[in-house]
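# Structural description and commentary
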Amino acid sequence: MSLKQYESLDKGSEIALEDIFANLKLDENGLIGAIAQQHDTGEVLMYAYMNEKSIRETLETGQVCYWSRSRQTYWRKGESSGHRQKLVSISFDCDGDCILLKVDQLGAACHTNRRNCFFFEISANNVVINSDPMA
């Protein structure tokens, strides 16, 4: 299945959520990659995985829920650290193989206590740490 059938629809056209779920490209474990972005600044915060159940929970509660591949369980962002992600919007890419979550991030998004997870930056032939952990 594919989202290709919907590509020619006009702005404002509506598609049933169930039709989108039926056309997502999930991996062999039923997971799809998700990018979390700060809704008001555009800052890319992190990349994680979701499945249909975590997407539905996120929509129902407004609190972002991921699937932790390492722990093999649901991971409600910030449940232990307090650094929660409040959902602002969810979008799917044109191929149905990636999710964009626009969120309101409270505190650090990264487990290293940095604002975002993308702190390894290439500079010439080296990689530089571009941010400190948050205080």
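Residues numbered from 1 in each chain as written. Predicted model: local features only at pLDDT ≥ 70, side-chain atom pairs only at ≥ 80, totals over all residues. Heavy atoms only, no water.

## Some remarks on the pattern of salt bridges
Short version of the rule: Any carboxyl oxygen of Asp or Glu that lies within 4 Å of a side-chain nitrogen of Lys or Arg is treated as forming a salt bridge with it. Under the DSSP-based scheme used, a helix requires at least four consecutive residues in state H or I and a strand at least two consecutive residues in state E, with every element numbered from the N terminus.
Inspection of every chain in the model, using the stated rule, returns 5 salt bridges. The salt bridge involving Glu 18 is made with Arg 56; its shortest N-O contact spans 2.8 Å. Placement of the pair is Glu 18 in helix H1 (residues 17–23) and Arg 56 in helix H2 (residues 52–61), with a sequence separation of 38 residues. A salt bridge links Arg 115 to Glu 43, with the nearest nitrogen and oxygen atoms 3.1 Å apart. In this pair, Arg 115 sits in the loop between strand E6 (98–105) and strand E7 (120–123) while Glu 43 sits in the loop between strand E1 (32–38) and strand E2 (44–50), placing the two residues 72 residues apart along the sequence.

## Considering the environment of Ala 48
Under the convention used in this document: Note on classification: 1.4 Å probe, protein chains only; a residue is buried when its accessible area is under 20% of the maximum for its type, exposed when over 50%, partly exposed between these limits.
Secondary-structure assignment places Ala 48 in strand E2. Overall, Ala 48 belongs to the buried group, its relative accessible area being 5%. Along the primary structure Ala 48 and Trp 67 are separated by 19 residues, whereas in three dimensions their C-alpha atoms are 7.7 Å apart.

## Let's talk about the pairing of strand E8 (residues 126–129)
Which entries qualify depends on this criterion: For two strands to be treated as a pair, DSSP must find at least two bridges joining them.
Summarising the sheet, E7 and E8 pair through 4 bridges and their orientation is antiparallel. Paired with Ser 123 across the two strands is Asn 126, which belongs to E8. With antiparallel pairing between neighbouring strands as the criterion, E7 and E8 make up a hairpin whose turn holds 2 residues, including Ala 124 at a positive phi of roughly 60°.

## Some remarks on the packing of aromatic side chains
Counted only if it meets this: Two rings belonging to Phe, Tyr or Trp (six-membered ring only in the last case) form a pair when the distance between their centres is within 6.5 Å. Interplanar angles under 30 degrees mark stacking, angles over 60 mark edge-to-face geometry, and anything in between is tilted. Charges are assigned to positions over rings by a cutoff of 6 Å between ring centre and Lys NZ or Arg CZ, combined with an angular limit of 35 degrees from the ring normal.
Throughout the structure, instances matching the rule amount to 4 aromatic pairs. Ring centres of Tyr 66 and Trp 75 lie 5.1 Å apart, and the angle between their planes is 40°; on these two criteria the pair is classed as tilted. Residue classification places Tyr 66 among the buried positions, given a relative accessible area of 0%. Taking the centre distance of 4.5 Å and the plane angle of 35° together, the rings of Phe 119 and Phe 120 count as tilted. By relative accessible area, Phe 119 is classed as buried at 7%. Note that Arg 114 overlies the ring of Phe 119, its terminal NZ or CZ placed 4.0 Å from the centroid.

## Some words on the side chain of Gln 37
Cut-off, in case you're wondering: Note on definitions: a residue-residue contact is assigned when non-hydrogen atoms from the two residues lie within 4.5 Å.
When you line up the elements, Gln 37 lands in strand E1. Not counting residues up to four positions away in its chain, the partners in contact with Gln 37 are Gly 42, Glu 43, Val 44, Leu 45, Leu 100, Leu 101, Lys 102 and Val 103.

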